[in-house]
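# Coordinate inspection notes
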Amino acid sequence: MIAPAKRIHELPPYLFARIDKIKQDAFREGIDLIDLGVGDPDVSPPKAVVDALIQNVRGNGSHHYSSYEGLPELRTVFTEWFRKRFNVKLNPHSEVLPLIGSKEGIGHIFFSHIDPGDEVLIPDPGYPVYTAGTILAGAVPKYFRLSRENGFLPDIGELEAIVTPRTKMMWLNYPSNPTTAMATADDFKAVVAFAREHGVIVCHDAAYSEIVFDGARTGSMLEITEAREVGVEFHSLSKTFCMPGWRIGFIVGNADIIGALARVKTNLDSGIFLPVQHAAITALKCCEDDTKRIRDVFETRRNLFVGGLKSLGWNVPLPSSTFYVWAPVPGNADSMEFTMLLLKGAGIVAAPGVGFGSNGEGYVRMSLTTPEARLEEALLRIKKMNLKFS
Ligand SMILES: Cc1ncc(COP(=O)(O)O)c(C=O)c1O
């Protein structure tokens, strides 16, 4: 057996890979699974975007390597989208960089800014890639607690207690996967002040910025003037325009941070397929109505599913954002046991809260990336389980 690098052994098992394995086993047993496990948007992307892709694939010049920094028009159009959406001006040459999906940038930024032995502050529960990137860079994850009591927001007192001179970076993610919480401008302001005081880079993952319900609005961290001194923000077309498989996102903010990430990228990747870049230009320029259509689909599903769970007696808070339901586990089971119970008892795949960090214990995450009829079927199956909710 050829041994992999030691850092591979240090990686926690990737949550969704574990769920995939469980799914494959159940599939072999012939169970009709309802997959509420992964957040893979199923709503169709804008028609104009699909048309732009097809048209550009046919063009002769489309099949070359593209530049790692993306088409100038793409960066300009994203800058315009950002100004319109958040009233924040960005320099398209130095403060915007397209990514091969936001996850690519989230993974690579550790290599541009983190040295072995550095410490990274990570929300618990949180998106598992922040921990994976930290470990792959030989750094030390230090977790801060998100809990229902503090609105799943960072407690600055706790951050002050765990920060050290080795702390180099911290992660935020609002609207939050998995907790569905949103942050206000004051929340961002407090974190930016903490980061400036301690010389810490703030990476804000805003992948779900457009999946917000009840007419609410979520802001950008960059609306805080000083944020640009210490911070960057990640955006994703995967959620905003339901284009997860297309692999396109953006990093915006501090020009030095983006410049260093760009150096890593020039060495490791060769840009985004040109027709995908042209399609993204169309999405950002012309498809605001589709963002609304997509948001409405998830809001309708949220009302149906959470309303149904509540009527069964499961006291699940109504999520104000994202396409997840972050539900307290009923009874005494832990989140993994309960996930297995849902799978074996109802053929429903969910994500155990503990997979997002130890503070996720006691919760289960269910995705709304499944059509309404399947969510109704899931409700019927849960009803038949006769769970005890108190
Ligand atoms: C919090 C969060 N950030 C980033 C991503 C990555 O999105 P993408 O790489 O498709 O832009 C995801 C995907 O599920 C996510 O949940």
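Residues numbered from 1 in each chain as written. Predicted model: local features only at pLDDT ≥ 70, side-chain atom pairs only at ≥ 80, totals over all residues.

## Remarks on the overall build of the protein chain
Quick note on the threshold: Numbering of helices and strands runs from the N terminus; a helix is a DSSP stretch of H or I covering at least four residues, while a strand is a stretch of E covering at least two. Atoms counted for the radius of gyration: C-alpha only. Globule rule: 2.2 Å times the number of residues to the power 0.38. Note on burial: count the other C-beta atoms lying within 10 Å of the residue's C-beta; 20 or more is buried, 12 or fewer is exposed, in between is partly exposed, and C-beta positions come from the backbone. What counts as a contact here is a pair of residues whose C-beta atoms, placed from the backbone, lie within 7 Å.
If you tally the helices and strands in the protein chain, you get 15 helices and twelve strands. Computed over C-alpha atoms, the radius of gyration of the protein chain comes to 21 Å, within 12% of the 21 Å expected from 2.2 N^0.38 for 390 residues, which places it in the range of a compact globule. C-alpha atoms of the protein chain, sized along the principal axes, occupy 60 × 55 × 55 Å. Across the 390 residues that make up the protein chain, the buried fraction comes to 49%. Put simply, 75% of the contacts in the protein chain that link residues at least 6 apart link residues at least 24 apart.

## Let's talk about the domain arrangement of the protein chain
Note the threshold: Each domain's extent is set by a domain assignment, obtained either automatically or from a database. Note that Gly is not counted as nonpolar here; it falls among the polar residues with everything else outside the nonpolar set of Ala, Val, Leu, Ile, Met, Phe, Trp, Tyr, Cys and Pro and the charged set of Asp, Glu, Lys and Arg.
Assigned domains of the protein chain: these are domain 1 (6–44 + 289–384) and domain 2 (47–287). A separation of 25 Å is found between the C-alpha centroids of domain 1 and domain 2. The interface is formed by 33 residues belonging to domain 1 together with 34 residues belonging to domain 2. At the level of elements, helix 1 (6–10), helix 13 (288–311) and strand 9 (324–328) are the ones that each hand at least two residues to the side of domain 1 that touches domain 2. At eight residues, the largest contribution of residues to the side of domain 1 that touches domain 2 is made by helix 13. Among the residues making up the side of domain 1 that touches domain 2, the classes are represented as 13 nonpolar, eleven polar and nine charged.

## Quick notes on the site of the ligand
Worth spelling out the cut-off: Any residue qualifies as near a molecule or strand once its backbone-derived C-beta atom lies within 6 Å of it.
Among the 13 residues in the neighbourhood of the ligand, the closest are listed as Gly101, Ser102, Lys103, Ser236 and Ser238. Of the residues in the shell around the ligand, the class split is three nonpolar, eight polar and two charged.

## A word on the sheet that holds strand 12 (residues 363–367)
The condition that has to hold: The pairing criterion for strands is at least two bridges between them, as found by DSSP. The convention used is that axes are lines fitted to C-alpha atoms, helices contributing only their stretch in contact, and that angles between N-to-C directions extend from 0 to 180 degrees.
In spatial order, the strands read 9-12-11; together these three strands make up an open sheet with antiparallel pairing. Looking at the sheet topology across the chains shown, the edges are occupied by strand 9 and strand 11 (351–352). Where helix 14 (residues 335–346) meets the sheet, its contacts fall on strand 11 and strand 12, and the angle it forms with strand 12 comes to roughly 45 degrees.

## As for the environment of Leu304
Examined against the element boundaries, Leu304 turns out to sit in helix 13. When the C-alpha positions of Leu304 and Ala279 are compared, they lie 33 Å apart, and in sequence the two are 25 residues distant.

## Some points on the sheet that holds strand 7 (residues 231–236)
Taking strand neighbours across the sheet as the criterion, the seven strands line up as 2-8-7-6-5-3-4 in an open arrangement whose pairing is mixed. What marks the edges here is a single partner per strand, and that holds for strand 2 (96–99) and strand 4 (140–145). Strand-to-strand, the axes of this sheet are offset by a mean angle of 25 degrees, without reference to chain direction. Both strand 2 and strand 8 (residues 249–253) contribute to a ladder of four bridges, which runs antiparallel. Among the inter-strand pairings, Pro98 is bridged to a residue of strand 8, identified as Phe250.

## Here's the deal with unusual backbone geometry
Of note, the bond from Asp124 into Pro125 is cis; its omega dihedral lies within 30 degrees of zero at 5 degrees. Looking at the secondary structure, you find Pro125 in the loop between strand 3 (119–124) and helix 6 (129–136). Pro178 follows Asn177 through a cis peptide bond whose omega is 15 degrees. On the secondary structure map, Pro178 appears in the loop between strand 5 (167–173) and helix 8 (185–198). The backbone of Asn386 sits at a positive phi, close to 50 degrees, despite the residue not being glycine. Note on Asn386: 8 C-beta atoms within 10 Å, which makes it exposed.

## Considering the environment of Pro72
Within the secondary structure, Pro72 sits in helix 4 (residues 72–86). With 11 C-beta atoms counted inside 10 Å, the residue Pro72 sits in the exposed group. In this structure, the C-alpha to C-alpha distance between Pro72 and Tyr127, residues 55 residues apart in sequence, is 31 Å.

## A short note on the packing of helix 13 against helix 15 (residues 372–384)
To characterise two packed helices, one gives the angle between the axes of the helices and the distance between these axes. How we decide: Put simply, angles under 35 degrees are roughly parallel, angles over 145 are roughly antiparallel, angles from 65 to 115 are roughly perpendicular, and the rest are oblique.
Look at helix 13 against helix 15: their axes get within 10 Å of each other, and the N-to-C directions meet at 5 degrees. Our classification of the angle between helix 13 and helix 15 gives roughly parallel. Along the contact surface, helix 13 presents Arg301, Leu304, Phe305 and Gly308, while helix 15 presents Glu372, Leu375 and Leu379. Taken together, the residues of the contact of helix 13 with helix 15 sort by class into four nonpolar, one polar and two charged.

## Brief notes about the nonpolar core
What tends to happen in soluble globular proteins is that the nonpolar side chains get buried as a cluster. Selection rule: Any nonpolar core is a set of buried residues, restricted to Ala, Val, Leu, Ile, Met, Phe, Trp, Tyr and Cys, that join up through C-beta atoms within 7 Å.
Counting 110 residues, the largest nonpolar core has Met170, Val202, Ile251, Ala280, Val325 and Ile348 as the members making the most contacts within it. Composition of this core by domain shows at least three residues from each of domain 1 (6–44 + 289–384) and domain 2 (47–287). The contact partners of Val202, leaving out residues within four places of it in the chain, are Met170, Leu172, Val191, Val192, Ala195, Val230 and Gly231.

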